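The lines below spell out each chain.
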Amino acid sequence: MPQRALIVGEGIAGLGAAIVLARAGWQVAAAAPRYGKPASHRQHAHLSSPAVMAQLEASLGTTPGGWAMGRAAVWDAAGRRDESERPILCAEALRRSLAAHAARSGVRWHANLAVTPSTDAAGWHWRAGALSGTVDVLVDATGSGHWLGRMAGIAVTIEELAGRDRCWSWSGLNDGPHQPWLIAARGTARSAVLLRAADGTLRLTLRQPGTNTPDPVAALDGLLIGAGACWGGRIGTIALEARALRHDSPLARRTQVSASTPLPPLIRLGDGLIQTAPRLGQGIAQIAEQLDALADALAAGLPPTEWHCRLDRLAQQRWAGLMLGAGLGRIAA
């Protein structure tokens, strides 16, 4: 019998793990992806790097949709400036592409999943309506530790770096040439990012402290002046919605799980393991790194306990770097 896995979490990390496991010959069941209005964090476009996208493609065994090469102009207060062709992706479009590929890979979807560990820690029981079953490994890619924390006997500790990221975002449309592009000015406390996806959708995100909503028109003027006249023909007309969406998030967050009795094999991925603020594709880079480690562990025939160790080591390394960048400040939540 092939080994069986259950994926809970229908974001990029969960769908990517489903594809990687199915490629390795596992029977994979997963929470059915939802296609209503995307969550606010999925409406962002992200700047990535060719190396990250190549790593993601190698793990998945395919080239996912939802991204394209685009021109980026990024500068900071120190005078450093970068103008290069880099991958620009839309998180929601990438998620939908992965869901379609997971379905072609044989992943079975279930709605309204209820999951409990077996009493002998040999596997996980699941139920979805009249259907039920048992799997060998549970993959938690829900984006936080709260889902696991609702299970009896499981405790979740959430640790956050001191400080908050406060952002305001505006959605919009652009009638310029059908190419993705990004303009960003970055500072220590403030930053402004204007991203244009391949389908013409725009997202202006301003990161700055304070409680008053910043002026998007003034921010746009500053970005366009900083980009320079050469960007005039590329940008076209910008139309933003009047209503801003405010985001408050920690600089970074990680979850740690403990249980009163031994648990069956449990793997955590994506924001369910370590979460970073949505700035210039950190989350996508982390997911690509984790899926690559998972694919390597499967190819080597390692047991799920070793998968967890490899992923936890990656999370610890990334957390140490985030703590160093934030001045070693941290609080427990």
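The structure contained in this document is the topic of the report that follows. Computed from a predicted structure; not experimentally measured.

**Side note on the overall build of the protein**
Next, step 1: Counting its regular elements, the protein contains 8 helices and 21 strands.
Next, step 2: Scaling as 2.2 N^0.38, a compact globule of 333 residues should have a C-alpha radius of gyration of about 20 Å, and the protein matches this with 21 Å.
Next, step 3: Overall, the protein is about 65 × 40 × 35 Å in size when its C-alpha atoms are taken along their principal axes.
Next, step 4: Per-residue burial over the protein gives 47% buried out of 333 residues.
Next, step 5: Across the protein, the fraction of contacts at a sequence separation of at least 24, relative to all contacts at a separation of at least 6, is 69%.
Next, step 6: With the model as given, the accessible surface of the protein reaches about 15,200 Å², and the carbon-plus-sulfur share is 53%.
Next, step 7: The average position of the 33 basic charges and that of the 25 acidic charges among the side chains of the protein differ by 3 Å.

**Details of the sheet that holds strand β19 (residues 266-268)**
Next, step 1: Read from one edge to the other, the open sheet built from 5 strands follows the order β6-β2-β1-β10-β19, with strand pairing classed as parallel. Edge positions in the sheet fall to β6 (108-110) and β19, since each has one partner strand and no second. Between one strand axis and the next, the sheet turns by 25° as a mean value, whatever way the strands run.
Next, step 2: In this sheet, strand β2 (residues 27-31) lies alongside strand β1 (residues 4-8) in parallel orientation, the contact comprising 4 bridges. Along β2, the bridge assignment pairs Ala5 with Val28.
Next, step 3: Across the sheet, helix α1 (residues 12-23) is in contact with β1, β2, β6 and β10 (137-140); its angle to β1 comes to roughly 170°.

**Notes on the pattern of salt bridges**
Next, step 1: Going through the model one piece at a time under the given rule, you end up with 12 salt bridges.
Next, step 2: Between Glu92 and Arg95 there is a salt bridge, and its shortest N-O distance comes to 3.1 Å. Of the two residues, Glu92 and Arg95 both sit in helix α3 (residues 91-104), 3 residues apart, roughly one turn of that helix.
Next, step 3: In this structure, Glu306 and Arg313 form a salt bridge, with 3.5 Å as the shortest nitrogen-oxygen distance.

**Let's talk about helix α7 (residues 282-299)**
Next, step 1: Here α7 is 18 residues long and its end C-alpha atoms lie 26 Å apart, about the 26 Å a rise of 1.5 Å per residue gives.
Next, step 2: For α7, the set of buried residues is Ile284, Ala285, Gln286, Ile287, Ala288, Gln290, Leu291, Ala293, Leu294, Ala295, Ala297 and Leu298.
Next, step 3: Phi for Gly301, located one or two positions after α7, is positive at around 70°.

**Description of the nonpolar core**
Next, step 1: Grouped together as the largest cluster of nonpolar side chains are 51 residues, with contacts concentrated most on Leu21 and Trp307.
Next, step 2: Elements that contribute at least two residues to this core include exactly β1, α1, β2, α2 (50-60), α3, β10, α7 and α8 (304-325).
Next, step 3: Excluding residues that lie within four positions of it along the chain, Leu21 makes contacts with Ala5, Ile7, Trp26, Val28, Val139, Leu298 and Trp307.
Next, step 4: Counting 17 residues, the second-largest nonpolar core is a separate cluster that includes Ile183, Leu194, Leu204 and Leu206.

**Section: the packing of α1 against α2**
Next, step 1: One way to put it is that α1 packs onto α2 with a least axis distance of 8 Å and a crossing angle of 45°. Of the possible angle classes, the one that applies to α1 and α2 is oblique. Touching Gly16, Ile19, Val20 and Arg23 of α1 are Ala58, Ser59 and Leu60, all from α2.
Next, step 2: Residues belonging to the contact of α1 with α2 are distributed by class as follows: 4 nonpolar, 2 polar and 1 charged.

**Details of the packing of aromatic side chains**
Next, step 1: Applying the stated criterion across every chain, the model contains 2 aromatic pairs.
Next, step 2: Taken together, a centroid distance of 6.2 Å and an interplanar angle of 80° make the contact between Trp181 and Trp231 edge-to-face. One end of the pair, Trp181, is in strand β13 (residues 181-186); the other, Trp231, is in the loop between α5 (216-227) and α6 (232-235), with 50 residues separating them in the sequence.

**So, the state of the cysteines**
Next, step 1: Per the stated rule, a full pass over the model turns up 0 disulfides.
Next, step 2: Free of any disulfide, Cys90 has its nearest cysteine sulfur in Cys167, 17 Å distant.

**Comments concerning α3**
Next, step 1: Over its 14 residues, α3 extends 20 Å from the first C-alpha to the last, a length consistent with the 20 Å expected when each residue adds 1.5 Å.
Next, step 2: When we look at burial in α3, the residues that qualify are Ala91, Glu92, Leu94, Arg95, Ser97, Leu98, Ala99, His101 and Ala102.

Rules used in this analysis
- Residues numbered from 1 in each chain as written.
- Predicted model: local features only at pLDDT ≥ 70, side-chain atom pairs only at ≥ 80, totals over all residues.
- Heavy atoms only, no water.
- Helix = DSSP H or I, 4+ residues; strand = E, 2+ residues; numbered from the N terminus.
- Rg over C-alpha atoms; globule rule 2.2 N^0.38 Å.
- Buried < 20%, exposed > 50% of the residue type's maximum accessible area, 1.4 Å probe, protein only.
- Contact = heavy atoms within 4.5 Å.
- Areas by Shrake-Rupley, 256 points an atom, 1.4 Å probe, with all protein chains shown as cover.
- Lys, Arg positive; Asp, Glu negative; His and termini not counted.
- Charge placed at Lys NZ, Arg CZ, Asp CG, Glu CD.
- Pairing = 2+ DSSP bridges.
- Axes fitted to C-alpha atoms, helices over the stretch in contact; angles between N-to-C directions.
- Salt bridge = Lys/Arg side-chain N within 4 Å of Asp/Glu carboxyl O.
- Expected span 1.5 Å × (residues − 1).
- Core = buried A, V, L, I, M, F, W, Y, C linked by side-chain atoms within 4.5 Å.
- Parallel < 35°, antiparallel > 145°, perpendicular 65-115°, else oblique.
- Nonpolar A, V, L, I, M, F, W, Y, C, P; charged D, E, K, R; others polar.
- Phe/Tyr/Trp six-rings, centres within 6.5 Å; stacked < 30°, edge-to-face > 60°.
- Disulfide = S-S within 2.5 Å.

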